[in-house]
Amino acid sequence: MHALDLLAAAGAADSVNLWGALGCAVAYSASLLATLDAFADLILARGGSPAGRLTPGIGMKFASKLIAAAIAVVSAAIVLALDSNWFAFTTLSIAFVVVVGIGIIFLLRHAKVTAAPPATAGGGGVRPAS
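## With respect to the packing of aromatic side chains
In the structure shown here, the tally under the stated rule is two aromatic pairs. Summarising the aromatic geometry, the rings of Y28 and F96 are spaced 6.2 Å apart at their centres and angled 80 degrees between planes, so their arrangement reads as edge-to-face. Pair noted here: Y28 is in helix α2 (residues 18-48) and F96 is in helix α4 (residues 86-115), with a separation of 68 residues, a long-range link. In terms of burial, Y28 and F96 fall into one category: buried. Look at W86 and F89: their rings are 5.8 Å apart centre to centre, the planes differ by 85 degrees, and that puts the pair in the edge-to-face class. Linking W86 with F89, this pair stays in helix α4, spanning three residues, or about one helical turn.

Set out below in structure tokens:
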């Protein structure tokens, strides 16, 4: 009976905590949504404010969403690493980085498009009457 107990303990040590992985996946997805929401707030605030500048309140809202998302992602990553669930750790981290990277590219592209005034054909000015 002692050998069966050792075998059961060894098998239990190698199993993956699926409920923990599910909770971490939820934390990653909530952080991802908070990050994308912060990017959307930034785009909307730049479009609606004078000279494209952020008000202190909007800046604080943007920063707090990003900080909360970072705390949740780092905490979930630590939990997955402590559980030795490297598959979930790797896949969730890669998915998070890819989607946030796409959001950053879109954010930078949008900022570049709104910062440069559109060029008009033919000099863009009013021609004097001849």
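Following the structure, the description resumes.
## Let's talk about the side chain of D41
On the secondary structure map, D41 appears in helix α2. Look at D41 and you get buried, because its relative accessible area is 15%. A distance of 2.5 Å separates a polar atom in the side chain of D41 from a polar atom in the side chain of K65. Discounting residues that sit within four places of it in the chain, D41 has contacts with K61 and K65.

## Details of the confidence of the model for the protein chain
Close reading of the predicted structure is inappropriate where its pLDDT is low. Confidence in the prediction for the protein chain averages 80 pLDDT; 72% of positions are at 70 or higher. Looking across the protein chain, the model is least confident in helix α1 (residues 2-14), with a mean pLDDT of 59, and most confident in helix α3 (residues 56-82), with 91.

## Some remarks on α3
Between its first and last C-alpha, α3 extends 39 Å over 27 residues, near the 39 Å set by a 1.5 Å rise per residue. Where α3 is concerned, the buried positions are F62, K65, A69, V73, A76, A77 and L80. Note on α3: the residue one or two positions beyond its end, S84, has a positive phi of about 60 degrees.

## A few points about the nonpolar core
Ranked by size, the top nonpolar core spans 18 residues in total, and within it Y28, F39, F62, L80, F96, V100 and L107 carry the most contacts. Where this core is concerned, the elements lending two or more residues are α2, α3 and α4. No other element matches the eight residues that α2 contributes to this core. Here Y28 is in contact with V73, A76, A77, L80, F89, L92, S93 and F96, once residues within four sequence places are set aside.

The rules behind the values
- Residues numbered from 1 in each chain as written.
- Predicted model: local features only at pLDDT ≥ 70, side-chain atom pairs only at ≥ 80, totals over all residues.
- Heavy atoms only, no water.
- Phe/Tyr/Trp six-rings, centres within 6.5 Å; stacked < 30°, edge-to-face > 60°.
- Helix = DSSP H or I, 4+ residues; strand = E, 2+ residues; numbered from the N terminus.
- Buried < 20%, exposed > 50% of the residue type's maximum accessible area, 1.4 Å probe, protein only.
- Polar contact = N/O pair within 3.5 Å; in protein donor to acceptor, adjacent residues only side chain to side chain.
- Contact = heavy atoms within 4.5 Å.
- pLDDT = per-residue confidence, 0-100.
- Expected span 1.5 Å × (residues − 1).
- Core = buried A, V, L, I, M, F, W, Y, C linked by side-chain atoms within 4.5 Å.

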